[in-house]
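Residue-level structural notes
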Amino acid sequence: MTADIRIRRRTLVLYSALLCLALLAFVSTNSSFQCSDTSGVGAGVSHTRGADADADPPSALPPLPRPQPLTHTRSGCVPRERQHDPDLPMIYAITPTYTRPVQKAELTRLAQTLMWLDNFHWIVVEDSDTKTPLVESFLLQTNLEYTHLVARTKKNKQLKPTARGVEQRNAGLDWLRKNLHNDDQLNGVVFFMDDDNTYSLQIFEEMRLVRKVGVWPVGLVGGMMVERPLVDSSGTKVLGFNSVWRPERPFPIDMAGFAINLHLLKKHPNAVFTHKVQAGYQESEILRQLITKDELEPLADKCTKVYVWHTRTEKPKMNEENKLRAKNPKGSNDGLEV
Ligand code: UGA
Ligand code: MN
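Residues numbered from 1 in each chain as written. Chains lettered and ligands numbered in written order. Predicted model: local features only at pLDDT ≥ 70, side-chain atom pairs only at ≥ 80, totals over all residues. Heavy atoms only, no water.

1. Concerning the site of ligand 1
Formally: Working definition: residue near molecule or strand if any one of its non-hydrogen atoms lies within 4 Å of it. Side-chain atoms alone can form a polar contact between residues adjacent in sequence; in general such a contact is a pair of N or O atoms within 3.5 Å, and within protein one must be able to donate a hydrogen while the other accepts it. We get accessible surface area from the Shrake-Rupley algorithm with a probe of 1.4 Å; when it comes to residues, only the shown protein chains can shield them. A 1.4 Å probe that fits into a set of points on a 1 Å grid over the protein atoms alone but cannot get out defines a cavity; an open set with protein on both sides within 12 Å along at least five of seven lines defines a pocket, and lining residues are those with an atom within 4 Å of a point. In this scheme, a molecule is assigned to a cavity or pocket if more than half of its atoms are within 2 Å of the grid points. Numbered from the N terminus, helices here are DSSP runs of H or I no shorter than four residues, and strands are runs of E no shorter than two. Residues are sorted three ways: Asp, Glu, Lys and Arg are charged, Ala, Val, Leu, Ile, Met, Phe, Trp, Tyr, Cys and Pro are nonpolar, and all the rest, Gly among them, are polar.
In the vicinity of ligand 1, 17 residues are found, and the nearest of them are Pro 96, Asp 127, Arg 164, Asp 194 and Asp 254. In the model, an oxygen atom of ligand 1 is placed 2.7 Å from a nitrogen or oxygen of the Pro 96 main chain. A distance of 3.0 Å separates an oxygen atom of ligand 1 from a polar side-chain atom of Asp 196. Across the complex, the protein chains shield 87% of the 690 Å² of accessible surface that ligand 1 would expose by itself. Among the cavities detected, the one that contains ligand 1 is the largest pocket. Counting only elements with at least two residues in the shell around ligand 1, the list comes to strand 1 (90-97) and helix 5 (166-179). Its residues placed into classes, the shell around ligand 1 shows four nonpolar, four polar and nine charged.

Structure, rendered in structure tokens:
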């Protein structure tokens, strides 16, 4: 019986000793963690963090690391300062655009390409009766040189619109003809820059030097990987085109595949786009009024490079948004410009 009690007492002492050891170990680990953390804040991360840590209320737990403030990058937040070089021909790009869910995303992608260009003027023409606040404030914050116009696509039963962008591009051409007069102002080109395509910076540098009309390949258009002018062995003359869709067109190329010299445009004051031609004939319609095929200037390394793609943006699905708006007309973007 007594031996039994002694064994129990020994066991109790042993357990107490183990508990004490465990407690000691815990306390020492905790204090060493606090110590290394404090030194980490001061030495490892940054002195700003150290000052922050001082201001924190005392707590048993080490302070959580805070994210560092981001350094504003030139491309991210501060618009690039553009230069004007009086010897460099100007590019006037006409962009028709219309209100839809992806509009701001499209314009953002374009503006962030255009911000790298000097001697560039963006003519943005809204398919609308009035300027929309979205486009107006968007253009203001780009720091680009631009003109903001409106021209609504006519809804006329007799003259059913066969093409998109007709009224808008004509409004842009009209602005150019009315605003550019002397040789200095006409030193440059006009380019029809739809809002949903993808443009490499190279294409802009190529098109500046066009004397009449420059042409080049366009990727992902006409149901093919690329539509391109076919050139002679010297690479200076256009012999034909590889287009398969409506190859009988006088100029079977896409709107993104050419640029026109401003002198030539001014010389032909009546050259415009029209709904009176069949689908796919807009490019031929304007070009046939300005030039013949043998005068075209092949660009993009003798038409061997693709610097522009006819990327059409997928229309986003709005099924959940529509369900939401059936209950609350404000929708998911109430007070938020998307
Ligand atoms: C193709 C060509 O690439 C266009 O240049 C041509 O205008 C068009 O066909 C056509 O002949 O209809 P596609 O991708 O089918 O292009 O046309 P969109 O990109 O939808 O429209 C061309 C331009 O017009 C875009 O900049 C677009 O924002 C604008 N647009 C479109 C409007 O201003 N209003 C509209 O209702 C639709
Ligand atoms: Mn398009």
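2. Digging into the coordination of the manganese ion (ligand 2)
Rules: Only nitrogen, oxygen and sulfur atoms count as donors, using a 2.8 Å cut-off from the metal that widens to 3.2 Å for Na, K and Ca. Water is left out, so coordination shells may look unfilled.
The protein atoms donating to the manganese ion (ligand 2) are Asp 196 (OD) and Asp 196 (OD), with metal-donor distances spanning 2.2 to 2.6 Å. By the secondary structure assignment, Asp 196 is in the loop between strand 4 (188-192) and strand 5 (198-199).

3. Here we look at the sheet that holds strand 3 (residues 146-150)
Note the following rule: A pair of strands is treated as paired once DSSP finds two or more bridges between them.
Spatially, seven strands are ordered 3-2-1-4-11-6-12 in an open sheet, and the strand pairing comes out mixed. The open sheet has two edge strands, strand 3 and strand 12 (297-298), and neither has a second partner. Where strand 4 meets strand 11 (residues 258-261), three bridges bridge the pair, whose relative direction is antiparallel. Bridge assignment links Val 189 to a residue of strand 11, and that residue is Asn 261.

Treat this as a map of the structure, not an account of what it does.
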